[in-house]
Amino acid sequence: MQSSITNTTTRYGWAMIILHWLIGIIFIGQFVLGVVMVRIESQRMSFELIQLHKSFGFLLLGLIILRIAWRLGNATPPLPASVGTLERKTAPLAHFALYAFQVALPLSGWALVSVSTLEIPTMPFNQFVMPNLPLSESDAAESFWTAAHWYLAYAGIALVALHIAAALRHHFLLRDSVLKRIITPSSDGE
């Protein structure tokens, strides 16, 4: 059987699987890095971790935009018949919320560095200077975007935890194909 890069009517293809897991790993890693970088006593190490956090934030933003475009241009396998009516209605809302948080979080971080009065340039992976968003610098704006980024991060990680719990429920309790579809790529002959 030959694996497909695109989705089929029963499973996701390699492109969606890779994007799903890569974005998930980066998103969770960014949360952990964000928590660690603000608690480190060494200013130099904290600065380096913040720069790394910003770099992965821009990477995450690019990947999630790519994933949304890919999803809009590809078939989405329907949920198995065993999935109940309530879950059929809430699953698309949960996925939309995941996408929204994964876009809003890096954008709020970008806004935060753009309004900072410290004016430290952002250089994703030390490759180029990322221009700031056209926002006014001020301590008040920095406080607002710091809080927004923090709340979005904690709400986003809670949503990811719920997503993981739902996937594990499908796999271990319901024993359906929901989790398998995002692990095993689609194949010809399905």
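A brief report on the enclosed structure follows. (Residues numbered from 1 in each chain as written. Predicted model: local features only at pLDDT ≥ 70, side-chain atom pairs only at ≥ 80, totals over all residues. Heavy atoms only, no water.)

### Considering the packing of helix H1 (residues 14-37) against helix H4 (residues 139-174)
No. 1: Contact geometry of H1 with H4 gives a least axis separation of 11 Å together with a crossing angle of 135°. Of the possible angle classes, the one that applies to H1 and H4 is oblique. As H1 runs across H4, the sense of the crossing is left-handed. Residues His 20, Phe 27, Ile 28, Phe 31 and Val 35 of H1 touch H4, and the partners they reach there are Ala 153, Tyr 154, Gly 156, Ile 157, Val 160, His 163 and Ile 164.
No. 2: Among the residues forming the contact of H1 with H4, the class breakdown is nine nonpolar, three polar and no charged. (Axes fitted to C-alpha atoms, helices over the stretch in contact; angles between N-to-C directions. Helix = DSSP H or I, 4+ residues; strand = E, 2+ residues; numbered from the N terminus. Parallel < 35°, antiparallel > 145°, perpendicular 65-115°, else oblique. Left-handed = near helix turned anticlockwise from the far one by under 90°. Contact = heavy atoms within 4.5 Å. Nonpolar A, V, L, I, M, F, W, Y, C, P; charged D, E, K, R; others polar.)

### Looking at the environment of Ser 4
No. 1: Relative to the assigned elements, Ser 4 resides in the segment before H1.
No. 2: Sequence spacing of Ser 4 and Ala 15 is eleven residues, and the spatial spacing of their C-alpha atoms is 8.6 Å.
No. 3: At a separation of 2.9 Å, a polar atom in the side chain of Ser 4 contacts the main-chain carbonyl oxygen of Thr 6. (Polar contact = N/O pair within 3.5 Å; in protein donor to acceptor, adjacent residues only side chain to side chain.)

### With respect to the pattern of salt bridges
No. 1: Summed over all chains, the structure comprises one salt bridge.
No. 2: Where Arg 169 meets Glu 87, a salt bridge forms, and the shortest distance between an N and an O atom there is 3.2 Å. A residue pair is termed long-range when its members are at least 10 positions apart, and Arg 169 in helix H4 and Glu 87 in helix H3 (residues 85-115) qualify at 82 residues.
No. 3: Owing to a relative accessible area of 36%, Arg 169 belongs among the partly exposed residues under this scheme. (Salt bridge = Lys/Arg side-chain N within 4 Å of Asp/Glu carboxyl O. Buried < 20%, exposed > 50% of the residue type's maximum accessible area, 1.4 Å probe, protein only.)

### Here we look at the side chain of Arg 67
No. 1: As for its position among the elements, Arg 67 is in helix H2 (residues 43-73).
No. 2: Apart from the residues within four sequence positions on either side, Arg 67 is in contact with Met 16, Leu 19, His 20, Ile 23 and Tyr 99.

### Topic: the nonpolar core
No. 1: Core analysis: the largest hydrophobic core is formed by 20 residues, its most contacted members being Ile 23, Phe 27, Leu 60, Leu 63, Ile 64 and Trp 110.
No. 2: At the level of elements, H1, H2, H3 and H4 are the ones that each hand at least two residues to this core.
No. 3: Counting residues per element, this core draws most heavily on H3, at six residues.
No. 4: Those residues in contact with Leu 60 that sit more than four places away from it in its chain are Ile 23, Ile 26, Phe 27, Gln 102 and Pro 106.
No. 5: If you look at the next biggest cluster of nonpolar residues, it comprises six residues, including Tyr 12, Met 16, Ile 17 and Ile 182. (Core = buried A, V, L, I, M, F, W, Y, C linked by side-chain atoms within 4.5 Å.)

### Examining H4
No. 1: Relative to the 52 Å expected for 36 residues at 1.5 Å per residue, H4 spans 51 Å between its end C-alpha atoms, a close match to the ideal helical length.
No. 2: All of the buried residues along H4 are Ala 141, Ala 148, His 149, Ala 153, Gly 156, Ile 157, Leu 159, Val 160, Ala 167 and His 170.
No. 3: On the buried face of H4, the contacting elements are H1, H2, H3 and helix H5 (178-181). (Expected span 1.5 Å × (residues − 1).)

### Quick look at the packing of aromatic side chains
No. 1: Going through the model one piece at a time under the given rule, you end up with six aromatic pairs.
No. 2: For the ring pair Phe 56 and Phe 125, a centre distance of 5.1 Å and an interplane angle of 85° mean the geometry is edge-to-face. Placement of Phe 56 in helix H2 and of Phe 125 in the loop between H3 and H4 is noted, with a sequence separation of 69 residues between them.
No. 3: With relative accessibility at 27%, the residue Phe 56 sits in the partly exposed group.
No. 4: Ring geometry for Phe 58 and Trp 110: centres 5.1 Å apart, planes at 80°, overall edge-to-face. With Phe 58 in helix H2 and Trp 110 in helix H3, the pair connects residues that are 52 residues apart, well separated along the chain. Each member of the pair Phe 58 and Trp 110 is classed as buried.
No. 5: An aromatic cluster is present here, built from Phe 31, Trp 150, Tyr 151 and Tyr 154 joined pairwise through their rings. (Phe/Tyr/Trp six-rings, centres within 6.5 Å; stacked < 30°, edge-to-face > 60°.)

### With respect to a nonpolar patch on the surface
No. 1: Taken together, Ile 28, Val 32, Val 36, Ile 164, Leu 168, Phe 172, Leu 173 and Leu 174 make up a surface patch of nonpolar side chains, about 700 Å² in accessible area.
No. 2: At the level of elements, H1 and H4 are the ones that each hand at least two residues to the nonpolar patch.
No. 3: Looking at the nonpolar patch, the element that brings in the most residues is H4, giving five residues.
No. 4: Within the secondary structure, Phe 172 is located in helix H4. (Patch = residues over 30% accessible without salt bridge, like charges linked within 9 Å, V, L, I, M, F, W, Y side chains within 5 Å. Areas by Shrake-Rupley, 256 points an atom, 1.4 Å probe, with all protein chains shown as cover.)

What is shown is where atoms sit, not what they do.
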